[in-house]
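Read off the chains here:
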Amino acid sequence: MNIDEFMQQLSSSKGVSNISKIRKNTVKLDLTKEESLDFFVSIKSEFEHCSLISAIDNQPDFELVYHFSCMNQSIVVDDSNCAVMLEAHIYLKREAPSVDSIANIWFGADWHEREAFDLMGIYFIGHPDLRRVLLPEGFAGHPLRKDYVYEIHEEEW
Amino acid sequence: MAEMWISMGPQHPMTHGLWTLKVKVDGETIVDADPELGYLHRSVEKMGERRKYFMNTTLTDRLCYASSTTWTHCYTHTVEELMEVEVPVRAQYIRTIMLELQRLASHLMWAGAYMPDLGHITGALYFWRDRELFLNLLELPSGSRLLYNFIRIGGVKRDLPNGFEEKTERILKLFEQRLDEYSDLFENSKIFRMRTDDVGKFTAEQAKNFGITGPNLRGCGTKFDLRKHDTYEIYEEIDWDISTREAGPGYSDCFSRYMVRIDEMKESVRIIRDCFKKMPAGATLASRIPVRAHGEAFRRTEDSRGEAMMYVVGDGSDRPYRWKIKSPMFTTMSACPHYLKGYKLADIPAIMGSIDICIGETDK
């Protein structure tokens, strides 16, 4: 399948909007939170590798950016062997920063979701083991949020 | 016998960094495992948000001490995409040479660390002796041995010094002879094969689902290398091949993962030679390098350990608004309960060593 045909096919998927090609091998789209899980299940056969999940604090709302990578050449860019990527954006309200977990679809997403929970405080519904990964247990707050206030330790001499 | 949990680390010699592997054992057989990270967390992403774009190259150098140039390159490459900077062709060639020298040094560092894991101390000395040669080469243009800060946004810090090509060629020739010696020493050694053959197996399908990339995936026979499949710098114009190995149809073991790295080193030697042949004269730094950036960009590169990726969001100021680092080892380690299960406790150093762990990049 060519990347342009793939974009055509995507436009009929539920919950998908703003499909665009940001590089010759990258398709970018926006996704609604409710339809996200069905959409991710439908692309699993083409995109077998979940590269990255990044959480962004856009103040006031959160944004999740998913990067998937196609390794089996089922989607191609013209006649080159360039690997196609998919970039999906999901916007979350600050009051309820939760989204369906994809850790059961791509195992590689497991720790990316734990990291987003740890540092940004996004809740992934259905995640098998959602706990902190980089910060110690019992740490208060989510330091990559823009409104996180640092404790200032004044040294006593 | 009752099952019990054992903590390996954070001070265990197997860990190669600072992390804990909790293993649940039934007698000597591993039933379950739970890797724990965070001992080395420095919050590089948050620090980066408070520094200007060009300042962050010193932070990215410190992501992985064994492979610092590749990380700095991944960062500058992303920021160049964000700022739409054109890198001069000569600078791209110099970058490629530096990246491949770094890959050689990193793989040698790994091989040197892997041998003592298997009880082969002499192997460590041999491989580290050779790594020293490449560190000397990397030192010539950049002036330092581990943290180079040589690749800058828009190009490289300075041109290669006089006589660099001859010195490199001399060392590459010596290195090729040594690689032949090592194949006698290790590949044909019965003890080495007993520790690595059919240990730590996973299939290519599993590896992709686990998020395992790089040499560990190519060790399953999958021909996937971002230098060819999402090409950057001048890898397109260079004459080289992707090296793959497999232990059996579609799966890897410790030995195939060892061999794929040895093959990659031979390919790196080829790339460096070809770069010197094709390198044009010219500038080494772009004439226009902006300070501010707006928008978002991501790029992925083939790090020594797999798919390195950065995602940078700029809000129009001179500092990144959000900077996300994808480390290949982060996901590879998360899957370790799957590929440890069923093996003996004594196999853990052999398996975890063979995937080439670097905690600096994993903990960020």
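These figures come from a predicted structure and were not determined experimentally. (Residues numbered from 1 in each chain as written. Chains lettered and ligands numbered in written order. Predicted model: local features only at pLDDT ≥ 70, side-chain atom pairs only at ≥ 80, totals over all residues. Heavy atoms only, no water.)

Observations regarding the overall build of chain A
Selection rule: To qualify as a helix, a DSSP run of H or I must reach at least 4 residues; to qualify as a strand, a run of E must reach at least 2; elements of each kind are numbered from the N terminus. Accessible area is worked out with a 1.4 Å probe on protein chains only. A residue is then buried under 20% of its type maximum, exposed over 50%, and partly exposed in between. The contact criterion used is simple: two residues touch if any of their non-hydrogen atoms lie within 4.5 Å. To be clear on the numbers: accessible area is Shrake-Rupley with a 1.4 Å probe, and residue cover counts the displayed protein chains and nothing else.
Within chain A, the secondary structure is distributed over 3 helices and 7 strands. Counted from the first residue to the last, chain A has its helices and strands arranged as α-β-β-α-β-β-β-β-α-β. Expressed along its principal axes, the backbone C-alpha trace of chain A runs to roughly 70 × 30 × 30 Å. Considering chain A as a whole, with its 157 residues, one finds that 54% of them fall into the buried category. Taking the intrachain contacts of chain A between residues at least 6 apart in sequence as the baseline, contacts between residues at least 24 apart amount to 54%. Put simply, chain A shows about 7,200 Å² of open surface, and 50% of that area lies on carbon and sulfur atoms.

Some words on the interface of chain A and chain B
Selection rule: Buried area is calculated as the accessible area (1.4 Å probe) missing from two parts once they are joined, with the contributions of both summed. Whenever Lys or Arg places a side-chain nitrogen within 4 Å of a carboxyl oxygen from Asp or Glu, that contact is recorded as a salt bridge. N or O atoms closer than or at 3.5 Å make up a polar contact, with two conditions inside protein: a donor-capable atom paired with an acceptor-capable one, and, for residues adjacent in sequence, both atoms drawn from side chains.
With 47 residues of chain A at the contact, the number on the chain B side is 42 residues. Between chain A and chain B, the buried area comes to about 3,800 Å², and carbon and sulfur atoms account for 57% of it. In terms of surface lost to chain B, no three residues of chain A exceed A:Phe107, A:Trp111 and A:Leu134, which account for 20% of the buried area on that side. Put simply, B:Glu81 and A:Arg23 hold a salt bridge, and the shortest N to O gap is 3.7 Å. The interface formed by chain A and chain B holds 18 residue pairs in polar contact (both at pLDDT 80 or more) in total. No other element matches strand β3 (residues 49-57) of chain A, which puts 8 residues into the side of chain A that touches chain B.

Some points on the sheet that holds strand β1 (residues 4-8) of chain B
All names here are of chain B. The line we're drawing: Note: two strands are recorded as paired if DSSP finds a minimum of 2 bridges between them. Whenever a helix is involved, its axis is fitted only over the stretch in contact; in every case the axis is a line through C-alpha atoms, and angles between N-to-C directions fall within 0 to 180 degrees.
The 3 strands are arranged β1-β2-β3 in an open sheet whose pairing can be described as antiparallel. For this open sheet the edge positions go to β1 and β3 (29-36), each flanked by a neighbour on one side alone. Neighbouring strand axes in the sheet, compared pairwise and without regard to direction, differ in orientation by 25 degrees on average.

Looking at helix α3 (residues 68-83) of chain B
Residues and elements named next belong to chain B. Using the following cut-off: By definition here, a helix of n residues has an expected span of 1.5 Å times n minus one.
The terminal C-alpha atoms of α3 lie 23 Å apart, and with 16 residues this matches the ideal 22 Å at 1.5 Å per residue to within 8%. Most of α3 is tucked away, with 15 of its 16 residues classed as buried. Positioned one or two residues after α3, Glu 84 has a phi angle of 55 degrees, which is positive.

Some remarks on the pattern of salt bridges
The tally for this structure, following the rule as stated, stands at 48 salt bridges over all chains. For the salt bridge of B:Asp197 with B:Arg193, the shortest nitrogen-to-oxygen distance reads 3.0 Å. For B:Asp197, a relative accessible area of 28% corresponds to the partly exposed category. Take B:Arg193: its relative accessible area is 29%, and that puts it in the partly exposed class. One network of salt bridges, in which partners are shared, links A:Arg23, B:Glu81, B:Asp230, B:Arg299, B:Arg300, B:Glu307 and B:Lys326.

Concerning the side chain of B:Ser256
Among the secondary structure elements, B:Ser256 is positioned in helix α11 (residues 254-278). Sequence-distant contacts of B:Ser256, that is, excluding residues within four places in its chain, are made with B:Gly219, B:Arg245, B:Glu246 and B:Ala247.

As for unusual backbone geometry
Going from A:Gln59 to A:Pro60, the amide bond is cis rather than trans, its omega being 5 degrees. Within the secondary structure layout, A:Pro60 lies in the loop between β3 and β4 (62-69). We note that B:Lys364 has phi near 55 degrees; this positive angle belongs to a residue other than glycine. Within the fold, B:Lys364 resides in the segment after α15 (359-363).

Concerning the side chain of B:Thr69
Residues and elements named next belong to chain B. Mapped onto the fold, Thr 69 is located in helix α3. With a relative accessible area of 3%, Thr 69 lands in the buried category. Not counting chain neighbours up to four residues away, the residues in contact with Thr 69 comprise Asp 61, Met 98, Leu 99, Gln 102, Tyr 148 and Ile 151.

Just geometry here; none of it tells us what the structure is for.
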